[in-house]
Amino acid sequence: MPVPELIRIVSRDSPMALAQVARVQTELDARFPGVRTEVVPVKTTGDKWLGDLAEVEGKGAFTKEVDAALLAGAADLAVHCVKDVPADRPLPAGTVFAAFLKRDDIRDALVHPGGLTLDALPAGTRIGTSSVRRVAQLAATHPHLECVPFRGNANRRLAKLAAGEADALLLAVSGLERIGRRDVISEVLSPEVMMPPIGAGILALQCREGDTDLIDAVSELGDPDTHREATAERMFLHVLQGHCNSPIAGFARVDHGELSLRACVFTPDGKIRLNAHEWAGRLDPATLGTSVAVALLRQGAREIIDGIPH
């Protein structure tokens, strides 16, 4: 198959995002020796804005400039964290996901300078996080802890923790691994303790839909199980039409070839939690995502989501 001599890869310019691009470059080089790659870094609105994401287009604030570079022809391939790509609306016209890389760890981690576990944290401990998903779950299970707003990339959050702006952090295990900082983890939280966001641990490769040679080449980097999981999760979120202030969590999993999806919708204070869990059986991944979303809508998810300001 013909592979372009040069592949220009656009990405956010944070250390984690560039580490993700480096992974893609390594995988491209291993499969297509001699291919040249060039990084096109961009600073997104979400990276520059440290306030409430709802004030700057929600999750789209992390992808708008990347999409624009791809569509303008300034780059050929975009690397995204799937959890940051809005699912309540389609990808920008003229673009497609060419591959979902093999999924990394979906779990969240507690970072505490003293090495304490979540259950050992004393009352009043300040947890740095701006994730409504994490805040809702902590409010339900550890109401004696205090969440303080923390935005910025992982390196910046770790620096703010060291400066004393919080007593502990909640961060994604996969993100810490990508920047080589697994050493700061005090405890890895199971999904039963802290349900992950939709798309956790998945990197997606996006191309212009007309670049068929590149799409065919890049698709070889994709992982079939991750593709099924991502498809189910994103359809679930699309049907729910959740916004960036919606505490929605969940994950799909392929186990011995069988696909399942477990998901939750919370009120921001964590006092109400709606749960659904289904196996695909003969259903395709997108239909499974739709079915789980409908199960939560029947429980009142629409009223919860629409009742949250955004």
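Preceding block: the structure.
For every chain, the first residue of its written sequence is number 1, and the numbers climb from 1 along that sequence. Totals for whole chains, interfaces and linings use all residues, but because this is a predicted model, local features are given only for residues with pLDDT of at least 70 and pairs of side-chain atoms are given and counted only at 80 or more. Side-chain measures here rest on the full set of heavy atoms in the structure, leaving out hydrogens and waters.

**Observations regarding the overall build of the chain**
Next, step 1: Along its length, the chain carries 10 helices and 13 strands.
Next, step 2: Based on C-alpha atoms, the radius of gyration is set beside the globule rule, defined as 2.2 Å times the residue count to the power 0.38. For a compact globule of 310 residues, the expected C-alpha radius of gyration is about 19 Å, and the chain comes in at 19 Å, within 12% of that figure.
Next, step 3: Along the first, second and third principal axes, the C-alpha set of the chain runs to 60 × 45 × 40 Å.
Next, step 4: Out of the 310 residues in the chain, the part that is buried amounts to 51%.
Next, step 5: Restricting the contact set of the chain to residue pairs at least 6 apart, pairs at least 24 apart contribute 69%.
Next, step 6: Of the roughly 13,300 Å² that the chain leaves accessible, carbon and sulfur atoms contribute 53%.
Next, step 7: Only four residue types enter the tally: Lys and Arg on the positive side, Asp and Glu on the negative side, with His and both chain ends excluded. By convention, charge coordinates are those of NZ in Lys, CZ in Arg, CG in Asp, or CD in Glu. Taken as two groups, the 34 positive and 41 negative side-chain charges of the chain have centres that lie 3 Å from each other. Note on conventions: DSSP H or I runs of at least 4 residues are helices, E runs of at least 2 residues are strands, and numbering of each starts at the N terminus. Using a 1.4 Å probe on the protein chains alone, a residue whose accessible area is under 20% of its type maximum counts as buried, one over 50% counts as exposed, and one in between counts as partly exposed. Contacts are residue-level and defined by heavy atoms, with any inter-residue pair within 4.5 Å sufficient. Computed with the Shrake-Rupley method and a 1.4 Å probe, the accessible areas treat only the protein chains shown as cover for residues.

**Considerations on the pairing of strand β3 (residues 77–81)**
A regular strand places its side chains so that they alternate between the two faces of the sheet.
Next, step 1: Of all 5 residues making up β3, 5 are buried, and the element is well covered by its neighbours.
Next, step 2: Neither face of β3 is open: one carries L77, V79 and C81, the other A78 and H80, and all of them are buried.
Next, step 3: Summarising the sheet, strand β1 (residues 6–12) and β3 pair through 2 bridges and their orientation is parallel. Directly across from V10, in β3, lies its bridge partner A78.
Next, step 4: When β3 meets strand β10 (residues 203–208), the two strands line up antiparallel, connected through 5 bridges. Opposite V79, over in β10, you have L205 as the bridge partner. Two strands make a pair as long as DSSP finds a minimum of two bridges between them.

**Description of the sheet that holds β3**
Next, step 1: Strand order in the open sheet made by the 5 strands is β2-β1-β3-β10-β4, with mixed pairing throughout. On the outer flanks of this sheet lie β2 (36–42) and β4 (95–100), each paired with one strand and no other. Neighbour-to-neighbour, the strand axes of this sheet turn through a mean angle of 30 degrees, independent of strand direction.
Next, step 2: Direction of pairing for β1 relative to β2: parallel, over a ladder of 7 bridges. Its bridge partner lying in β2, S11 is registered against P41.
Next, step 3: As a rule, the C-alpha atoms of each element are fitted with a line to give its axis, helices using only the stretch in contact, and angles between N-to-C directions run from 0 to 180 degrees. In this fold helix α3 (residues 64–71) packs onto β1, β2, β3, β4 and β10, with an angle of close to 165 degrees to the strand it touches most, β3.

**Some thoughts on helix α8 (residues 224–240)**
An α-helical turn contains 3.6 residues, so any two residues separated by three or four positions project in the same direction.
Next, step 1: By definition here, a helix of n residues has an expected span of 1.5 Å times n minus one. With 17 residues, α8 should reach 24 Å at 1.5 Å per residue; the first-to-last C-alpha distance of 25 Å fits that figure.
Next, step 2: Listed in full, the buried residues belonging to α8 are T226, E229, A230, A232, E233, R234, F236, L237 and L240.
Next, step 3: Those residues of α8 that are buried lie in contact with β4, β11 (248–255), β12 (258–266), α9 (285–299) and α10 (301–306).
Next, step 4: Where α8 ends, the next residue or the one after it, Q241, has phi of about 55 degrees, a positive value.

**Some thoughts on the environment of P4**
Next, step 1: By secondary structure assignment, the location of P4 is in the segment before β1.
Next, step 2: As a C-alpha pair, P4 and R31 span 27 residues in sequence and 13 Å in three-dimensional space.
Next, step 3: Setting aside residues no more than four positions away along its own chain, P4 makes contact with V35 and L214.

**Concerning the pairing of strand β5 (residues 108–111)**
Next, step 1: Going residue by residue along β5, you find D108 and L110 tucked away on one face and A109 and V111 tucked away on the opposite face as well.
Next, step 2: As judged from the 4 bridges shared by β5 and strand β8 (residues 168–172), these two strands associate in the antiparallel manner. Residue pairing in the sheet places A109 in a bridge with L171 of β8.

**Observations concerning the pattern of salt bridges**
Next, step 1: The working definition used for a salt bridge is a side-chain nitrogen of Lys or Arg within 4 Å of a carboxyl oxygen of Asp or Glu. Tallied over the full model, the rule gives 18 salt bridges.
Next, step 2: A salt bridge links R134 to D108; the nearest nitrogen and oxygen atoms lie 3.0 Å apart. Linking R134 in helix α4 (residues 132–141) with D108 in strand β5, this pair joins segments that are 26 residues apart in sequence. Considered together, R134 and D108 belong to a single accessibility category, that of buried residues.

**Details of the state of the cysteines**
Next, step 1: Two cysteine sulfurs form what is called a disulfide whenever their separation falls within 2.5 Å. Using the criterion set out here, one finds 0 disulfides in the structure.
Next, step 2: Looking at C207, it has no disulfide partner, and the nearest cysteine sulfur is the one in C81, 17 Å off.
Next, step 3: Residue classification places C207 among the buried residues on the basis of a relative accessible area of 0%.

**Section: the environment of D119**
Next, step 1: Tracing the chain through its elements places D119 in the loop between β5 and β6 (126–128).
Next, step 2: Separated by 167 residues in sequence, D119 and A286 have C-alpha atoms that sit 37 Å apart.
Next, step 3: A polar side-chain atom of D119 sits 2.7 Å from a polar atom in the side chain of H142. Pairing of N or O atoms within 3.5 Å defines a polar contact, subject to two protein rules: one partner must be a possible hydrogen donor and the other a possible acceptor, and residues neighboring in sequence count only if both atoms are side-chain atoms.

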